[in-house]
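Structural overview for review
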Amino acid sequence: MTFPPLREELRGLEPYGAPQLDVPVCLNTNENPYGPSAACADDIANSVREAALGLNRYPDREHEELRAGLASYLTADTGPDGHTITPAQVWAANGSNEVMLQLLQAFGGPGRTAISFAPTYSMYPEYARDTHTGWVAGRRADDFGLDLGAARDLVATERPSVVFLPSPNNPTGTALAPAVIGELCALVGDSGLVVVDEAYGEFRRGGTPSALELLPAHRNLVVTRTMSKAFAAAGLRLGYLAADPAICDAIRIVRLPYHLSAVTQATAVAALRHTDELLGQVATLRAERDATVAWLRDQGFEVADSDANFCLFGRFADRHAVWQGLLDRGVLIREVGPDGWLRVSIGTPAEMTAFRTALTQVTGDLR
Ligand SMILES: *Cc1c(COP(=O)(O)O)cnc(C)c1O
């Protein structure tokens, strides 16, 4: 027996690790490059101080004030014939990754299967593994959209308990049409959940609706969001979902008691008071994204359409050499997605200039 006596299926595996390197230009984890203002930080600090005076007590297990704040934030994004999202439809945890783990703890498990369509978010199979949930990945179409015929077949053969649909997708940036999501919800029916991961929802292009609009029509639909990306609060670790209240109630069975600390709740509630400021650069980032896509195409690269704050571009015979060449010039991007492609997050104009300059040099040298 080797020590420590780790579960058989976990032996020899590496932990999640986007490289955290100290380089001048970090365009590898899709963070918002614009941090909170000093005034916003002061308000957060005051709220945290208030919470600190009560740290001898456990926090609100049901995080009710936070759920109310998130519900009204989401209600504003329910489209032209908007509907109200109530606090009972909202659940939050330490990052949307914890939300997804909780979903699998409650709705996955031995004998059950979760599916997605590759290329898809690299963490889903790990959460399936950690919860003993079966994992099957179908394939997306060549343009990274969803092939409904293939999706229908996969649902029919696997009868999944959970379907993960990131939209906009990571690493491709592709958003799914509501009709496709609605059809999958109907196909899966009451025996499973369709989880639309909208981590990048706020970056979607004009005319691309949120799956939040579909909530009244499909009780098996779950829409997840996060404060890590557009909301400029990756360091906070706060993710959340909107779904039927019965789904939130089910999660309460598996969540650890007091999983959201009083400090986290105070910070998130305070941050929500500054929604306009924290989302203030989203329009700039979307414009920078569109300009980056256009520039990369002008250079002759293939670029996936993006509704997110990053773009996937290629194709390179040796993508690692390009990634390394950029890193040697102080620009860190991500080697992820289908072979031959690279992903760059959208940063400030100065960071994008550094990226363009470095990429021109590197690919010039390799040509
Ligand atoms: C970044 C990201 C998340 C966010 O995770 P958090 O745990 O909320 O930071 C979720 N889903 C996808 C697809 C992502 O890329």
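Just so you know, these numbers come straight off a predicted model, no measurement behind them. (Residues numbered from 1 in each chain as written. Predicted model: local features only at pLDDT ≥ 70, side-chain atom pairs only at ≥ 80, totals over all residues. Heavy atoms only, no water.)

1. A look at helix α7 (residues 245–254)
- Among the residues making up α7, those that are buried are I247, C248, A250 and I251. Each buried residue of α7 sits inside an arc of 160° when the element is viewed along its axis, so together they form one side.
- Two to three positions downstream of the cap, the backbone nitrogen of A246 sits 2.9 Å from a side-chain oxygen, assigning the N-cap of α7 to D244. (Buried < 20%, exposed > 50% of the residue type's maximum accessible area, 1.4 Å probe, protein only. Helix = DSSP H or I, 4+ residues; strand = E, 2+ residues; numbered from the N terminus. Arc of directions from axis to C-beta. Polar contact = N/O pair within 3.5 Å; in protein donor to acceptor, adjacent residues only side chain to side chain.)

2. Digging into the site of the ligand
- All residues adjacent to the ligand are G95, S96, N97, Y121, N170, D197, A199, Y200, T226, S228, K229 and R237.
- D197 is positioned such that a nitrogen or oxygen atom in its side chain is 2.7 Å from a nitrogen atom of the ligand.
- At a separation of 2.7 Å, an oxygen atom of the ligand approaches a polar side-chain atom of S228.
- Taking 390 Å² as the accessible area of the ligand by itself, protein coverage stands at 94%.
- When each cavity is represented as a set of grid points, the ligand is found to reside in the largest pocket. (Near = heavy atom within 4 Å. Areas by Shrake-Rupley, 256 points an atom, 1.4 Å probe, with all protein chains shown as cover. 1 Å grid on protein atoms, 1.4 Å probe; cavity = no way out; pocket = protein on both sides within 12 Å on 5 of 7 lines; lining within 4 Å. Sits in = over half its atoms within 2 Å of the grid points.)

3. Regarding the domain arrangement of the protein
- Each assigned domain of the protein is listed with its residue range as follows: domain 1 (17–34 + 281–366) and domain 2 (38–277).
- The gap between the C-alpha centroids of domain 1 and domain 2 is 26 Å.
- Of the residues lining the interface, 23 residues belong to domain 1; the matching set on domain 2 comes to 21 residues.
- The contact between domain 1 and domain 2 buries some 1,800 Å² in all, and 56% of this surface belongs to carbon and sulfur atoms.
- Considering only the surface of domain 1 that becomes buried against domain 2, R286, D307 and F310 emerge as the three largest contributors, covering 32% of it.
- Here domain 1 and domain 2 share one salt bridge between them.
- Between D307 and R205 there is a salt bridge, with the nearest N and O atoms lying 3.1 Å from each other.
- Between domain 1 and domain 2 we count nine residue pairs in polar contact (both at pLDDT 80 or more) in total.
- Listed by contribution, the elements that provide at least two residues to the side of domain 1 that touches domain 2 are α10 (282–298) and β10 (310–314).
- No other element matches the five residues that α10 contributes to the side of domain 1 that touches domain 2.
- For the side of domain 1 that touches domain 2, the residue count by class is 10 nonpolar, six polar and seven charged. (Domains from an automatic or database assignment. Contact = heavy atoms within 4.5 Å. Buried area = accessible area lost by both parts, 1.4 Å probe. Salt bridge = Lys/Arg side-chain N within 4 Å of Asp/Glu carboxyl O. Nonpolar A, V, L, I, M, F, W, Y, C, P; charged D, E, K, R; others polar.)

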